[in-house]
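Now for the letters of each chain:
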Amino acid sequence: MNIVVMGGRGLVGRNIVERLRRQGHAVSSASRASGVDVITGRGLAESLAGADVVVDVTNSPTFDDLASFEFFRTAIANLLAAEKRAGVGLHVSLSVVGTGRLDASPYLRGKALQERRIAASGIPFTIVHATQFFEFLLDIVNYAVRGQTIDLSPAFIEPVASDDVAATIARVAVQAPLNGSIEIAGPERARMSELIQRFVRDIEAPYEVRTRTDATYFGAVLDESVLLPGADAERGTQGFEAWRGRSEYARADW
């Protein structure tokens, strides 16, 4: 199959490209570095010529402001229009567990709009909802830190290794479209504030983590179960300790 991975230079994108190429597929990695910009539309038509499948793992550079919403609104409009012109047969998109339940977050409001546009496009599709990546823990820290203090919600999360997510996306990219979504989560459940406290301690970051029920998560206050997947979610294989032992993201230089 001829597959184009939008955002193919990123953490998940690189992994997906490598997996699909090992399977023998013709895979192109598209990103701004390769001259493809989903916001301006530059290079989109050329990158999708002859594509059977498009995998979209592009992401907003910001998380908690209206710019994140605008990123998804503009990017999905440009991408779907280019896919229709190219006759793409399957659109696969990475999204987030909790999308559609947290309208106070501009980022997740943008992801919800993205999903609605995909479903209404007429292009066969599969959406993969993932829980928070373990690699995303650093972003949570950087978002929430104020001085030497990190205020975090006690909401439950089931974080997943990006490698497990990439494996799922690579699989569905070569299967028949679901015209719906699936979920993938990690094998363990923890409260966000407690897991981040453990993570901060393990990497010896000089921060105090405090649990606060009114702490915001990229613009939204959480109830304790809003970020959890359904009972039928797929499960990744790596728990926190396994991931921490092998990931460069768990060895941040503070």
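For the structure itself, consult the block above.
The model shown is predicted, which means the values in this text are computed figures rather than measured ones.

Enquirer: Tell me about the nonpolar core, and name the residues and values.
Expert: Membership of the largest hydrophobic core comes to 75 residues, with the highest contact counts inside it found for Met6, Ile16, Val55, Ile140, Ile169, Met192 and Ile196. It is helix α5 (residues 137-144) that contributes the most residues to this core, six residues altogether. Contacts of valine 55, omitting those with residues within four sequence positions, involve Ile3, Val4, Val5, Met6, Ile16, Val92, Ile169 and Ala173. Counting six residues, the second-largest nonpolar core is a separate cluster that includes Ile76, Ile118, Ile123 and Phe125.

Enquirer: Any chance you could break down the sheet that holds strand β14 (residues 234-235) for me, citing the residues and the numbers?
Expert: If you walk across this open sheet you meet the seven strands as β2-β1-β3-β4-β5-β9-β14, and the pairing is parallel. Here the strands that pair on one side only, and so sit at the sheet edges, are β2 (26-30) and β14. The pairing of strand β5 (residues 125-130) with strand β9 (residues 180-185) spans five bridges and is parallel. Residue pairing for β9: valine 128 is matched across the bridge by isoleucine 182.

Cut-offs and rules
- Residues numbered from 1 in each chain as written.
- Predicted model: local features only at pLDDT ≥ 70, side-chain atom pairs only at ≥ 80, totals over all residues.
- Heavy atoms only, no water.
- Core = buried A, V, L, I, M, F, W, Y, C linked by side-chain atoms within 4.5 Å.
- Buried < 20%, exposed > 50% of the residue type's maximum accessible area, 1.4 Å probe, protein only.
- Helix = DSSP H or I, 4+ residues; strand = E, 2+ residues; numbered from the N terminus.
- Contact = heavy atoms within 4.5 Å.
- Pairing = 2+ DSSP bridges.

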